[in-house]
Amino acid sequence: MPTKVKEFNDYRAKMNDKILASDNKVIKRIFNLDTNAFKEGHLPVKTKELLGLVASAVLRCDDCVQYHLESAMKNGVSKAEMLETMSIANLIGGTIVIPHLRKALEYWELLEEEQNI
C-alpha cells in the first residue's frame with residue numbers, strides 16, 4: 001500500500017514530467033532556476049532548505065512545505081531544527097500559519113516512520 005510520502009512524490013514526479021513535456025521555455029527555465037538555487041553555494045544546502053521551508057510555510061503552500069521537509073531531512077536537518085525553523089515561519093507569518101505547522105509536523109513524522117527514525 002502506497003504511503004502518503006510515496007503518493008506525494010509519485011504525483012509530483014508525474015506532473016513535473018507532464019509540465020516539462022509541454023516544452024515551454026519559460027517554465028523550463030523556472031524549474032532550472034529553482035534546481036540551481038538550492039544547490040550548494042555560499043550557503044549550505046541545509047540552510048537553503050530551511051529558508052525554503054520558512055518561505056513555503058509563510059506563503060501557506062503545503063506541497064512546498066512537504067517538499068522542503070523531505071529535502072531538509074535528507075540534508076541532515078533534525079526535528080528540533082525543523083521545529084525551530086517553523087517557529088520562525090509562525091512568527092513571520094502569524095497565527096494563520098499554525099495549521100501548516102500541524103501539517104508539517106505530521107508529514108515530518110511520516111518521513112521519520114519511513115526512515116525508521
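Not measured: the values here are computed from a predicted model.

### Some remarks on the UniProt feature "domain: Carboxymuconolactone decarboxylase-like" (unreviewed entry) in the protein
Here the UniProt-annotated "domain: Carboxymuconolactone decarboxylase-like" (unreviewed entry) positions come out as residues 28-106. Between the first and last C-alpha atoms of residues 28-106 the distance is 32 Å; the span itself is 77% helix and 0% strand.

### A word on the packing of aromatic side chains
Inspection of the entire model under this criterion finds 1 aromatic pair. Ring geometry for Phe8 versus Tyr107: centroids 6.0 Å apart, planes at 75 degrees, classification edge-to-face. Taken together, the residues span a long stretch of sequence, with Phe8 in helix 1 (residues 4-21) and Tyr107 in helix 6 (residues 98-114) at a distance of 99 residues. As far as the burial class goes, Phe8 and Tyr107 line up, both buried.

### Some points on the layout of surface pockets
Rolled over the atoms, a probe sized like a water molecule indicates the empty space that remains. Considered as a void within the structure, the largest pocket measures approximately 620 Å³ in volume. Arg12, Asn16, Asp34, Cys64 and Tyr67 are, among the 23 residues lining the largest pocket, the residues nearest its centre. Listing elements by their share of the lining of the largest pocket, those giving two or more residues are helix 1, helix 2 (25-37), helix 3 (45-58) and helix 4 (62-74). Its residues assigned to classes, the lining of the largest pocket comprises 11 nonpolar, 8 polar and 4 charged.

### Comments concerning the nonpolar core
Core analysis: the largest hydrophobic core is formed by 19 residues, its most contacted members being Leu53, Leu69 and Met82. Of all the secondary structure elements, the ones that give two or more residues to this core are helix 1, helix 3, helix 4, helix 5 (79-93) and helix 6. The residues touching Leu53, leaving out its near neighbours within four places in the chain, are Val65, His68, Leu69, Met82, Thr85 and Met86.

### Examining helix 2
Between its terminal C-alpha atoms helix 2 stretches 18 Å, which fits the 18 Å expected from 13 residues at 1.5 Å a residue. Between the side-chain oxygen of the N-cap and the backbone nitrogen of Val26 there are 3.0 Å, and the N-cap of helix 2 in question is Asn24.

Rules used in this analysis
- Residues numbered from 1 in each chain as written.
- Predicted model: local features only at pLDDT ≥ 70, side-chain atom pairs only at ≥ 80, totals over all residues.
- Heavy atoms only, no water.
- UniProt positions renumbered as here; feature names shortened; annotations may be inferred.
- Helix = DSSP H or I, 4+ residues; strand = E, 2+ residues; numbered from the N terminus.
- Phe/Tyr/Trp six-rings, centres within 6.5 Å; stacked < 30°, edge-to-face > 60°.
- Buried < 20%, exposed > 50% of the residue type's maximum accessible area, 1.4 Å probe, protein only.
- 1 Å grid on protein atoms, 1.4 Å probe; cavity = no way out; pocket = protein on both sides within 12 Å on 5 of 7 lines; lining within 4 Å.
- Points joined across faces, edges and corners; volume = space filled by probe spheres on them.
- Nonpolar A, V, L, I, M, F, W, Y, C, P; charged D, E, K, R; others polar.
- Core = buried A, V, L, I, M, F, W, Y, C linked by side-chain atoms within 4.5 Å.
- Contact = heavy atoms within 4.5 Å.
- Expected span 1.5 Å × (residues − 1).
- Polar contact = N/O pair within 3.5 Å; in protein donor to acceptor, adjacent residues only side chain to side chain.

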